[in-house]
Amino acid sequence: MSEDRRTTAPPGLRRALVAAVATCLVVGAASFAVGRSTAPETAAAEAKPTARNSAAPCQGGTYTWFGVREEPLLTGVSRASEKGEETPLAAVARPRKAVDAPRGAGVDTRQTLYSLALHIGEAELDDGEADKEGLAFADPSLPYALDGGGVEVDGDGAGTVEWAQVTSVTGQFRLECGDGRTVYGQAESWTVDGAGVLDCQEPLTDATPTARDAALLACEGDDPANTGGKPKAPEGDRKTS
């Protein structure tokens, strides 16, 4: 007769073994789940394409212009000067020479501005290379520079204001490239650099929009240049009731 030598582990030891096995199963399952969920995301991130920063230049393009506007722009104005005083111009606006197009579209700024110059008559198709290269309208490296101005007032001409202006040119374009691409954008430049002088104590007749803007900025609100009325009497000559 054989003897059964099986032994039974103490209850405390059995509970410890069961807990350890359960812990290993949970950790293994979690590791498996994490591995399955992160691997595809990592692969997708590595396979994601990167955007191109630039495209090939638009060669042999044809421009079509629309919405082109030529408008006077006040660029500088002096304050109303006193007798015997010379006042400099202060900047009011700075015109740009620029082309706004989608990034990486391959649009050439000088070529686009030259096409705009052709459209408004600032350039001619039969211009030589020297004329094309020397056209300030299409040269973005030549920014606008405001003249310092300075009109010396003599006699009784108090309240004299000097102003400067350009004609701002803006327009939208469609550019059909030789490779079949079509690009849309906007361009702007300026032409006709000019200046003028006005007297705050005189009504403005047949004045340009920039002259009226200069009067609004530099003269008093009740000055004849803004109201169109008679000149104000000097302080000592004003009647009081």
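Residues numbered from 1 in each chain as written. Predicted model: local features only at pLDDT ≥ 70, side-chain atom pairs only at ≥ 80, totals over all residues. Heavy atoms only, no water.

(A) View of the overall build of the protein. Assigned secondary structure in the protein consists of 5 helices and 7 strands. Going residue by residue from the N terminus, the α and β elements of the protein occur as α-β-β-β-β-α-α-β-β-β-α-α. Counting only residues that meet the buried cut, the protein has 27% of its 241 residues in that class. Sequence separation of at least 24 residues holds for 67% of the intrachain contacts in the protein that already meet a minimum separation of 6. Of the roughly 15,800 Å² of accessible surface on the protein, a fraction of 53% belongs to carbon and sulfur atoms. (Helix = DSSP H or I, 4+ residues; strand = E, 2+ residues; numbered from the N terminus. Buried < 20%, exposed > 50% of the residue type's maximum accessible area, 1.4 Å probe, protein only. Contact = heavy atoms within 4.5 Å. Areas by Shrake-Rupley, 256 points an atom, 1.4 Å probe, with all protein chains shown as cover.)

(B) How the structure looks around the nonpolar core. Counting 19 residues, the largest nonpolar core has W65, L116, L135, F137, F173, L175 and A187 as the members making the most contacts within it. Sorting the residues of this core by element identifies β1 (62-77), α2 (109-120), β6 (160-176) and β7 (182-199) as the ones contributing at least two each. Considering each element in turn, this core owes the most residues, 4 residues, to α2. Filtering out sequence-adjacent residues up to four positions away, F137 remains in contact with K97, L113, L116, A117, I120, E122, V169, S189, W190 and T191. In terms of nonpolar packing, the next biggest core, distinct from the first, is built from 13 residues, L74, V161, L204 and A214 among them. (Core = buried A, V, L, I, M, F, W, Y, C linked by side-chain atoms within 4.5 Å.)

(C) The pairing of β7, seen in detail. Here strand β4 (residues 98-100) runs beside β7; their pairing, made up of 3 bridges, is antiparallel. Paired with A98 across the bridge in β7 is E188. Looking at chain direction, β6 and β7 are connected through 16 bridges and run antiparallel. Looking at the pairing, R174 lines up with Y184 of β7. Here β6 folds back onto β7 in antiparallel fashion, the turn holding 5 residues, of which G180 has a positive phi close to 100 degrees. (Pairing = 2+ DSSP bridges.)

(D) Examining α2 more closely. Taking 1.5 Å per residue, 12 residues should reach 16 Å; α2 reaches 17 Å between its end C-alpha atoms and fits that length. Along α2, the positions that sit buried rather than exposed are T112, L113, Y114, S115, L116 and A117. Buried-residue contacts for α2 involve β1, β4, α3 (129-133), β6 and β7. Sitting at the head of α2, D108 places a side-chain oxygen 3.3 Å from the backbone nitrogen of R110. In the segment just after α2, G121 is the residue with positive phi, at about 90 degrees. (Expected span 1.5 Å × (residues − 1). Polar contact = N/O pair within 3.5 Å; in protein donor to acceptor, adjacent residues only side chain to side chain.)

(E) How the structure looks around the pairing of β1. Relative to β6, β1 is paired through 13 bridges, and the arrangement is antiparallel. In the strand pairing of β6, Y63 is matched with L175. Bridge count for β1 against strand β3 (residues 90-91) is 2 bridges, and the pairing is antiparallel. Looking at β3, one finds that G76 is bridged to A91.

(F) Seen up close, the confidence of the model for the protein. Mean pLDDT over the protein stands at 76; residues scoring 70 or higher make up 67%. Scored below 50 in pLDDT, residues 1-9 shows 2 contacts in the model against residues more than four places distant or in partner chains. Note that residues 13-54 has pLDDT below 50 and, in this model, 5 contacts with residues that lie over four places away or in other chains. (pLDDT = per-residue confidence, 0-100.)

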